[in-house]
Amino acid sequence: MILLVFAACVTLRPIEADVPCREAGYAISRRTFECTGDGALANRRYEAFARQYTCISPAIEYDTGYYANTPADLYHCAFAIGELACSLVTTYGDDLDRWLDSSPMCALVAAPP
Amino acid sequence: MITPMLMLMTGALAGVLDVEECTNQGTYAIAGGAGYHNGLEALRVQAATYGASAFAERSLFPAVRARQGFGFVAIYELNQAYNVARVPTWSTEEECPDEYRFATRPLDLTAANIGVALRYARVSAFYSAGSIYGTAGETTQITRVPISIISPLVAGAALGLSGVAGSRHVVNGTSAIAIDAMGGATVDLTIIQLRAAWAASQGLFLSAGQDRVGLFGNALVKPTEGAGVPQAEAGARRVRWGDVSDTIGRTSVWGRKLPLAETLSTAAAGEPIDLITGHFEQTDIGRRYDVGVTLSKEPELGVYEGHAAVHSPGYYEVSHDEAESKPSYFLVRAGMVRMPTQWYYGLSGGTYIQARVEGSFPLGESTDSQATVGLLFNDAELLALYPFAVNALAWRMSVRGVF
């Protein structure tokens, strides 16, 4: 019986509305780590992001499919940050505003101090 | 009692019927997030390279060493891990319930290794291959079952192709397969064993070991400019302390450097990141008990894991004495593994329970052929390669034939 119930369990987990914002912070941390190899610095940058920015939870347009405010659009902030060249990572350093200028979508998910 | 169970089952089945509308065809992985990145990170060639070389060190070389004279050794190992990462996805299916249209799906990983060796007198030729296959997308536990059956076949087929296909990393969404293979030779000089192989990912694998003290070392050397030594391991393994070894056990001390991450986007190339660890193990205490601890130096300094185990006497011994029938063995291991805060993987870090249960038994009437099955939870070896695979459950199966 327990096995049957387990077998029927759904593996999908809904994504909370503030996740695209936190993903932007993770992307800053990950790109810092990839380009510098400095885990402590990467962690500090995420913590600075979490401290300095307020996460916005924009309404998601389920009906549009391919248009504005789909989850994929909201993740573009994290995506663009994750694609930054290492030279830009060095240039931006601890200036998180410059990191968040990487995509116009960043303004939809994270509000500056 | 029956009513709540029926309600639970009805609710679960209703959920299944709903999510069945969130088909894989109409679902897209969302790039950019830590889950997506971790999903791709899990499926990389360097992990397959380490898989092939670590498998050869752990299983193939001891079996070849123990097979004196002329003989053939074949070993197949399969590791299946569930929930290694969670990948964010977006369903465009209108019938998919809104709460599941923007959802994460589990990434399951199958790692397979094969090793064969032909020994003649003191020389042997060997071939070892590793493949990693992973896919995300199944909506219910029950639909993951066929994938669990198909994945080993895909990974096994990839191993079969690795000899001609060489090193490959093919990505389609968050489904990907990575393979690598190495072929080489060993020379057994009694006091020392030397091994050299060429890895298809363009690396020279060198390994040496000796039994008297237990010293060993191995490294993968990439001759291409700037590639250096992506993985290396050196130390002493299962050192005997004379007559008191049966009481105090045998000591292993070694250090290891592994590639922790591999940059997947050439447009955004970063620096390689290593996991450098120091290991201490006292095994076979009273012939039955083990303790061990691992310290990490990079990327962060600290205790990585600690464990204790109980097992059958002779669990670690590899012998091919045809006069001696090999009995069944078991091992139960438990401990803690400490994952540091790693926001770059989207992880807040913490201390987690790790556990492993393994059993091995002879196959048929042969004294040399053996099968091993195991269940692993938060296994330190898995977390070393995939730090984001916290609370991942895995099972392992291996079959060894010596002829």
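No experiment lies behind these values; they were computed from the predicted model shown.

Student: Please explain the environment of Q202(B) as it appears in this structure.
Tutor: Tracing the backbone through its elements, the reader meets Q202(B) in the loop between β7 (193-199) and β8 (203-209). Sequence separation between Q202(B) and L118(B) is 84 residues; the distance between their C-alpha atoms is 23 Å.

Student: Would you mind going over the confidence of the model for chain B with me for this structure?
Tutor: Close reading of the predicted structure is inappropriate where its pLDDT is low. All names here are of chain B. For chain B, per-residue confidence averages 78 on the pLDDT scale, and 74% of positions sit at 70 or higher. Low pLDDT, under 50, characterises residues 264-268; the stretch is placed with seven contacts to residues that sit more than four places away or in other chains. Both confidence scores are given for the complex: pTM 0.77, ipTM 0.87.

Student: What exactly am I supposed to notice about helix α3 (residues 39-52) of chain A here?
Tutor: Spanning 14 residues, α3(A) covers 20 Å between terminal C-alpha atoms, matching the ideal 20 Å at 1.5 Å per step. Each element contacted by the buried residues of α3(A) is listed here: α2 (19-36) and α7 (96-100) of chain A.

Student: Can you walk me through the nonpolar core in this structure?
Tutor: The nonpolar side chains of a soluble globular protein tend to be buried with one another. Core analysis: the biggest nonpolar cluster contains 100 residues, and A24(A), I81(A), L60(B), L382(B) and A389(B) have the highest contact counts within it. Among the elements that make up this core, the one with the highest residue count is helix α3 (residues 45-66) of chain B (nine residues). Contact partners of L60(B), with chain neighbours within four places excluded, come to F55(B), V73(B), I75(B), G115(B), A117(B), F126(B) and S128(B).

Student: What is the right way to read the pairing of β8(B) from this model?
Tutor: Residues in a regular strand point their side chains to alternate faces of the sheet. Residues and elements named next belong to chain B. Strand direction decides the pairing type here: β7 and β8, joined by seven bridges, are antiparallel. If you follow A196 over to β8, its bridge partner there is L206. As consecutive antiparallel partners, β7 and β8 are separated by three residues, and within that stretch Q202 has a phi angle of approximately 65 degrees, a positive value. Pairing geometry for β8 and strand β9 (residues 215-222), over six bridges, is antiparallel. Bridging across to β9, G209 finds its partner in F216.

Conventions and cut-offs
- Residues numbered from 1 in each chain as written.
- Chains lettered and ligands numbered in written order.
- Predicted model: local features only at pLDDT ≥ 70, side-chain atom pairs only at ≥ 80, totals over all residues.
- Helix = DSSP H or I, 4+ residues; strand = E, 2+ residues; numbered from the N terminus.
- pLDDT = per-residue confidence, 0-100.
- Contact = placed C-beta atoms within 7 Å.
- Expected span 1.5 Å × (residues − 1).
- Core = buried A, V, L, I, M, F, W, Y, C linked by C-beta atoms within 7 Å.
- Buried ≥ 20, exposed ≤ 12 C-beta atoms within 10 Å, placed from the backbone.
- Pairing = 2+ DSSP bridges.

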